[in-house]
Amino acid sequence: MTWFLLAHVTVPNLSTIMFYYQTEFLNLEASFLGTTRVVGWLGLMLGTIVYNRYLKKMKLRKILMWSHVGLSVLGVLDMVLVSRTNAVLGVSDKVMVLCGSALSDAVNQFKFMPFLILSGQLCPPGIEGTLFALFMSINNFGSTLGSFVGAGLASFLNISSGSFDNLLLGVGIQVLCTFIPIAFLFLIPKEATGISA
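Just so you know, these numbers come straight off a predicted model, no measurement behind them. (Residues numbered from 1 in each chain as written. Predicted model: local features only at pLDDT ≥ 70, side-chain atom pairs only at ≥ 80, totals over all residues. Heavy atoms only, no water.)

**Quick word on the nonpolar core**
Core analysis: the biggest nonpolar cluster contains 20 residues, and Met 18, Tyr 21, Leu 81, Ile 159, Leu 167 and Val 171 have the highest contact counts within it. Elements that contribute at least two residues to this core include exactly α2 (15–25), α3 (30–55), α4 (60–83), α6 (93–122), α7 (128–156) and α8 (167–177). Apart from the residues lying within four places of it in its own chain, the contact partners of Leu 81 are Met 18, Tyr 21, Leu 26, Asn 86, Asp 93, Met 96 and Val 97. Formed by twelve residues, the second largest nonpolar core is a distinct cluster that contains Ala 7, Leu 60, Leu 64 and Phe 112. (Core = buried A, V, L, I, M, F, W, Y, C linked by side-chain atoms within 4.5 Å. Buried < 20%, exposed > 50% of the residue type's maximum accessible area, 1.4 Å probe, protein only. Helix = DSSP H or I, 4+ residues; strand = E, 2+ residues; numbered from the N terminus. Contact = heavy atoms within 4.5 Å.)

Spelled out as structure tokens, the structure:
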């Protein structure tokens, strides 16, 4: 759980700024962005299926490392969108946003599933609900702290609604920070997998 908290806190969350960028600069409709959330939920289900079928016997450290590498690659897709390289290549903004949302949600599920399963296995009988509530509280607290870190980064770089000049730099910093949690993988038991601790 400590690793999970650090994984949230060390990566600045720029999703609110990206939302403003997508609505104000790219002029994407709110209904389309709602559709991306639906596709994101489908990505979560796909991630669950892939994890259950192929990854639950893999070492947890390896899953988490590759998840963060995947998230950094998806962050590069955000850089492509912000730099407008996708327009030069003839790829529409909607395709970039839609694919990025679904894929990032699926990759995040690879991080989330092992912890839920291991928590259930390690939990003493009778306090399953308490442990799950604790885990979700830590997850939400870390996510909130990551949003504060992202807001601080946006403020430092003078990125705000209507001012996206330094957004590419901000997303680049976010991509680099995605590798920081890999340095803390020693906190995860070396032999832990999704089916054994």
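**Quick word on the UniProt feature "transmembrane region" (unreviewed entry) in the chain**
Mapped onto this structure's residue numbering, the UniProt feature "transmembrane region" (unreviewed entry) falls at residues 30–51, 63–83, 130–155 and 167–188. Within the segment residues 63–83, helix and strand shares are 100% and 0% respectively, and the terminal C-alpha atoms sit 30 Å apart. Along residues 130–155 one finds 100% helix and 0% strand; the C-alpha atoms at either end are 37 Å apart. (UniProt positions renumbered as here; feature names shortened; annotations may be inferred.)

**Regarding the packing of α3 against α6**
At a minimum axis separation of 7 Å, α3 and α6 run at an interaxial angle of 40°. The angle between α3 and α6 falls in the class oblique. Note on packing geometry: the crossing formed by α3 with α6 is right-handed. Split by residue class, the contact of α3 with α6 holds 16 nonpolar, eight polar and three charged. (Axes fitted to C-alpha atoms, helices over the stretch in contact; angles between N-to-C directions. Parallel < 35°, antiparallel > 145°, perpendicular 65-115°, else oblique. Left-handed = near helix turned anticlockwise from the far one by under 90°. Nonpolar A, V, L, I, M, F, W, Y, C, P; charged D, E, K, R; others polar.)

**Describing α2**
Every buried residue belonging to α2 is among Ile 17, Met 18, Tyr 21 and Gln 22, and all of these are buried. Down the axis of α2, the smallest arc covering the buried residues is 140°, so these residues share one side. Those residues of α2 that are buried are in contact with α3, α4, α6, α7 and α8. Immediately downstream of α2, the backbone of Asn 27 shows phi near 55°, a positive value. (Arc of directions from axis to C-beta.)

**Side note on the pattern of salt bridges**
Summed over the entire model, instances satisfying the criterion amount to three salt bridges. Across the salt bridge formed by Glu 191 and Lys 59, the nearest N and O atoms sit 3.2 Å from each other. In this pair, Glu 191 sits in the segment after α8 while Lys 59 sits in the loop between α3 and α4, placing the two residues 132 residues apart along the sequence. Here Arg 84 ties to Asp 93 by a salt bridge, and the two come within 2.8 Å at their closest N and O atoms. (Salt bridge = Lys/Arg side-chain N within 4 Å of Asp/Glu carboxyl O.)

**Structural notes on the packing of aromatic side chains**
The full count for this structure, using the stated rule, is six aromatic pairs. Geometry around Phe 32 places Lys 94 over its ring, the cationic atom sitting 5.3 Å from the centre. The ring of Phe 4 has Lys 111 sitting right over it, with the charged end atom 5.9 Å from the ring centre. (Phe/Tyr/Trp six-rings, centres within 6.5 Å; stacked < 30°, edge-to-face > 60°. Lys NZ or Arg CZ within 6 Å of the ring centre and 35° of its normal.)

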